Each structure stands twice: as structure tokens, then as C-alpha cells.
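Geometric and topological summary
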Amino acid sequence: MNGYVDVHNHGLPNLDDGAHDMEEALAMMECCYKEGIRKIIFTPHVMAGKQQYEKEEVEKRYQELLQEMNRSEKLREIECFLGNEIFYNYHCIEMLNENRLF
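Summary of the structure given here. None of these values were measured; they are calculated from a predicted model.

What follows covers the pattern of salt bridges. Scanning all chains against the criterion turns up seven salt bridges. Notably, a salt bridge pairs Lys74 with Glu30, separated by 3.1 Å at the nearest N-O pair. Pair noted here: Lys74 is in the loop between α2 (55–69) and β4 (79–82) and Glu30 is in helix α1 (residues 22–34), with a separation of 44 residues, a long-range link. With relative accessibility at 24%, the residue Glu30 sits in the partly exposed group. A salt bridge links Glu57 to Arg61; its shortest N-O distance comes to 2.4 Å. Here Glu57 pairs with Arg61, and both are found in helix α2, just four residues apart, close to one helical turn. We classify Glu57 as partly exposed; its relative accessible area is 25%. Accessibility expressed as a relative area gives 15% for Arg61, which makes it buried.

Next up, the structure:
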């Protein structure tokens, strides 16, 4: 059965506790495809008040992965989105208001 949506994915390469490199990221996407996932929301960690990746860096990794996925006929069938796994604290509202989160 196809058409599953993965709403919590750490497949972006070289970010937090997900894929360590592009090769591992693509292997993860292959597994997702084989499991019937056709939509993925990438959710790198955000911990307000602690060191985190800048939004531009996340976007760069996202675009690089999309470019590689588009080289594969089957992986280009997966529709991708950017989100965040937000560890909530009182700084989160400020970060949302400043458009620092996906």
C-alpha cells in the first residue's frame, strides 16, 4: 500500500541525529519509498536557547537532498516538506514570530 505520510523524519544529511551523510540520507529515502511513504516532512531539531542550525543551513541541506532524490525515478515520486521538531520552551513563540522556524 502506497501513500503513507512520514511526519517526523531526520533524513536531512549532516543535521542532528539523522543521516550522517548524503549516502545514508538516500538509503533512508529508499527505505521510505519501499515502505510506501510518498510524502515526508523533514523535522530537524530546534531547541530554543541552545545552539542549533540556522534556517539557511537547513534549507541548503534540504535542497541538496531534493536534487539527489530527483536523480532517481522512484525517489522523485516522494513529495517533501520542511518542518521542525520543536522542543518547547518560552523562546519558541519568539522564534516563530521571527520566522526562524519551518
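This is not the end of the story, as more comes after the structure.
Glancing now at the packing of aromatic side chains. Enumeration according to the criterion identifies one aromatic pair in this entry. An angle of 70° between the planes, with centres 6.1 Å apart, marks the rings of Phe42 and Tyr62 as edge-to-face. You can see Phe42 sitting in strand β2 (residues 37–42) and its partner Tyr62 sitting in helix α2, a full 20 residues away along the chain. Accessibility assignment for this pair places Phe42 and Tyr62 in one class, buried. Stacked on the ring of Tyr33, the Lys or Arg Arg38 has its end atom at 3.7 Å from the ring centre.

Unusually for a residue other than glycine, Asn14 sits at a positive phi of about 65°. You can see Asn14 is positioned in the loop between β1 (4–9) and α1. With relative accessibility at 40%, the residue Asn14 sits in the partly exposed group. At Asn99, a position not held by glycine, the phi torsion is positive, near 55°. Turning to its location among the elements, Asn99 is positioned in the segment after α3 (92–97). Among the residues examined, Asn99 registers a relative accessible area of 52% and is labelled exposed.

Take a nonpolar patch on the surface next. On the surface, a nonpolar cluster with roughly 420 Å² of combined accessible area is contributed by Ile86, Tyr88, Ile93 and Leu96. With respect to the helices, strands and loops of the structure, Tyr88 is situated in the loop between β5 (85–87) and α3. The class for Tyr88 is exposed, based on a relative accessible area of 65%.

Conventions adopted
Residues numbered from 1 in each chain as written. Predicted model: local features only at pLDDT ≥ 70, side-chain atom pairs only at ≥ 80, totals over all residues. Heavy atoms only, no water. Salt bridge = Lys/Arg side-chain N within 4 Å of Asp/Glu carboxyl O. Helix = DSSP H or I, 4+ residues; strand = E, 2+ residues; numbered from the N terminus. Buried < 20%, exposed > 50% of the residue type's maximum accessible area, 1.4 Å probe, protein only. Phe/Tyr/Trp six-rings, centres within 6.5 Å; stacked < 30°, edge-to-face > 60°. Lys NZ or Arg CZ within 6 Å of the ring centre and 35° of its normal. Patch = residues over 30% accessible without salt bridge, like charges linked within 9 Å, V, L, I, M, F, W, Y side chains within 5 Å. Areas by Shrake-Rupley, 256 points an atom, 1.4 Å probe, with all protein chains shown as cover.

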